[in-house]
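Summary of the model geometry
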Amino acid sequence: MEAQLIDLARAAGTTVVTLMATDAWERTRDGVGALWRRVSPSRADGVEDELEAARDELLSARESGDELTEQELREEWTGRVRRLLSERPEAAADLRQILAELEPSLQERGAVTVQMRAEASGSGRVYQAGRDQHITER
């Protein structure tokens with residue numbers, strides 16, 4: 001599987017779980033459910049039920065101060081999306097559109113993440129930063 005699709009799955013898993021406990025939850029659930037209905041209709045109802053169960057689990061975990069559950073849910077939904085993209089890579093465009101529509105909700109929560117990927121070969125160099133970067137070479 002391409003690294004870009006893996007990164008997309010990770011972004012989706014994080015976005016879905018982050019927005020589970022927000023006002024954007026219904027839009028998130030509806031978008032993910034619609035994606036599954038388009039690419040895997042036989043599993044769509046089950047996925048929507050599992051999203052609701054995951055939300056309940058997340059809310060309960062947050063109430064009790066259990067931070068590990070949230071991380072586990074992110075990993076679980078990242079895996080689900082990764083498997084979906086592995087079976088149906090053409091769904092990536094639809095998933096990118098859903099994430100773009102949810103981006104403003106993430107920004108409101110201050111939950112924007114920076115994802116970077118770089119490759120260098122030979123004597124190539126890569127410099128990446130999530131913000132300011134100052135490089136002094138001698």
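Anything mentioned here points back to the structure above.
1. Some details on the overall build of the chain
Along its length, the chain carries five helices and zero strands. Starting at the N terminus, the α and β elements of the chain follow one another as α-α-α-α-α. In terms of overall dimensions, the chain has a C-alpha envelope of 60 × 35 × 25 Å along the principal axes. Burial status across the chain gives 35% buried among its 138 residues.

2. Here's the deal with the nonpolar core
One finds Met20, Leu51, Leu85 and Leu95 to be the most contacted residues of the largest nonpolar core, which totals 32 residues. Elements with a minimum of two residues in this core: helix 1 (3-19), helix 2 (25-39), helix 3 (41-64), helix 4 (67-87) and helix 5 (92-109). When residues in this core are grouped by element, the largest group, eight residues, is from helix 1.

3. Here's the deal with the packing of helix 2 against helix 3
The geometry of a pair of packed helices is captured by two quantities: the angle between their axes and the separation between those axes. In the contact formed by helix 2 and helix 3, the axes pass within 7 Å of each other and the chain directions differ by 155°. Overall, the two elements helix 2 and helix 3 adopt an arrangement that is roughly antiparallel. Helix-helix and strand crossings are classified by hand; for helix 2 and helix 3 the assignment is right-handed. The segment helix 2 lies against helix 3, with Trp25, Arg29, Val32, Gly33, Trp36, Arg37, Arg38 and Val39 engaging Pro41, Arg43, Ala44, Asp45, Val47, Glu48, Leu51, Glu52 and Arg55.

4. A look at the packing of helix 2 against helix 4
Two elements in contact, helix 2 and helix 4, have axes whose closest approach is 12 Å; the angle formed by their N-to-C orientations is 30°. Relative to helix 4, the element helix 2 is oriented roughly parallel. Note that helix 2 runs across helix 4; the crossing there is left-handed. For the pair helix 2 and helix 4, contact is made by Leu35, Trp36 and Val39 and by Arg80, Val81 and Leu84, respectively. When grouped by side-chain class, the residues that make up the contact of helix 2 with helix 4 number five nonpolar, no polar and one charged.

5. Quick notes on the pattern of salt bridges
Within this structure, the stated rule accounts for 12 salt bridges. The closest approach of N and O atoms between Arg29 and Glu52, which form a salt bridge, is 2.7 Å. Of this pair, Arg29 sits in helix 2 while Glu52 sits in helix 3, placing them 23 residues apart in sequence. Taking the relative accessible area as the measure of exposure, Glu52 reaches 26% and is therefore partly exposed.

6. Observations regarding the environment of Ser42
Within the element layout of this structure, Ser42 appears in helix 3. Note on Ser42: relative accessible area 72%, which makes it exposed. Along the chain, Ser42 and Val81 lie 39 residues apart, while their C-alpha atoms are 16 Å from each other.

7. Looking at helix 2
With 15 residues, helix 2 extends 21 Å between its outermost C-alpha atoms, agreeing within 8% with the 21 Å of an ideal straight helix rising 1.5 Å per residue. Within the span of helix 2, buried status applies to Trp25, Thr28, Arg29, Gly31, Val32, Gly33, Leu35, Trp36 and Val39.

8. Thoughts on empty space enclosed by the protein
Enumeration according to the criterion identifies one cavity of 30 Å³ or more in this entry. When its volume is computed, the largest cavity comes out at roughly 40 Å³. Every residue along the wall of the largest cavity is listed here: Ala12, Thr15, Val16, Val32, Leu35, Trp36, Val81, Leu95, Leu99 and Leu102. Of the residues assigned to the lining of the largest cavity, the class counts are nine nonpolar, one polar and no charged.

Conventions we followed
- Sequence order as written defines the numbering, with residues in each chain counted from 1.
- Local features in a predicted model are, by the rule used here, given only for residues with pLDDT of at least 70; side-chain atom pairs are given and counted only at 80 or more, and totals for whole chains, interfaces and linings are based on all residues.
- In computing side-chain values, all of the structure's heavy atoms are included and hydrogens and water are not.
- Going along the chain from the N terminus, every DSSP run of H or I of four or more residues is numbered as a helix, and every run of E of two or more is numbered as a strand.
- Partly exposed residues are those whose accessible area sits between 20% and 50% of the maximum for their type, while under 20% is buried and over 50% is exposed, using a 1.4 Å probe and protein chains only.
- We define the nonpolar core as a collection of buried residues of types Ala, Val, Leu, Ile, Met, Phe, Trp, Tyr and Cys that are connected through side-chain atoms lying within 4.5 Å of one another.
- Angles here are taken between N-to-C directions and fall from 0 to 180 degrees, while the axes themselves are lines fitted to C-alpha atoms, restricted in helices to the stretch in contact.
- For classification purposes, an angle smaller than 35 degrees is called roughly parallel, one larger than 145 roughly antiparallel, one from 65 to 115 roughly perpendicular, and anything else oblique.
- The crossing is said to be left-handed when, going from far helix to near helix, the turn is anticlockwise and less than a right angle, and right-handed when the turn is clockwise.
- The contact criterion used is simple: two residues touch if any of their non-hydrogen atoms lie within 4.5 Å.
- The residue classification treats Ala, Val, Leu, Ile, Met, Phe, Trp, Tyr, Cys and Pro as nonpolar and Asp, Glu, Lys and Arg as charged. All others, Gly included, are polar.
- Think of a salt bridge as a Lys or Arg side-chain nitrogen and an Asp or Glu carboxyl oxygen that are within 4 Å of each other.
- To estimate the expected span of a helix, count its residues, drop one, and scale the result by 1.5 Å.
- Cavity means a closed set of points on a 1 Å grid over the protein atoms alone, one where a 1.4 Å probe fits but cannot get out, pocket means an open set with protein on both sides within 12 Å along at least 5 of 7 lines, and lining means a residue has an atom within 4 Å of a point.
- Grid points are joined across faces, edges and corners, and a volume is the space filled by probe spheres set on the points.

Nothing here speaks to function; it is geometry throughout.
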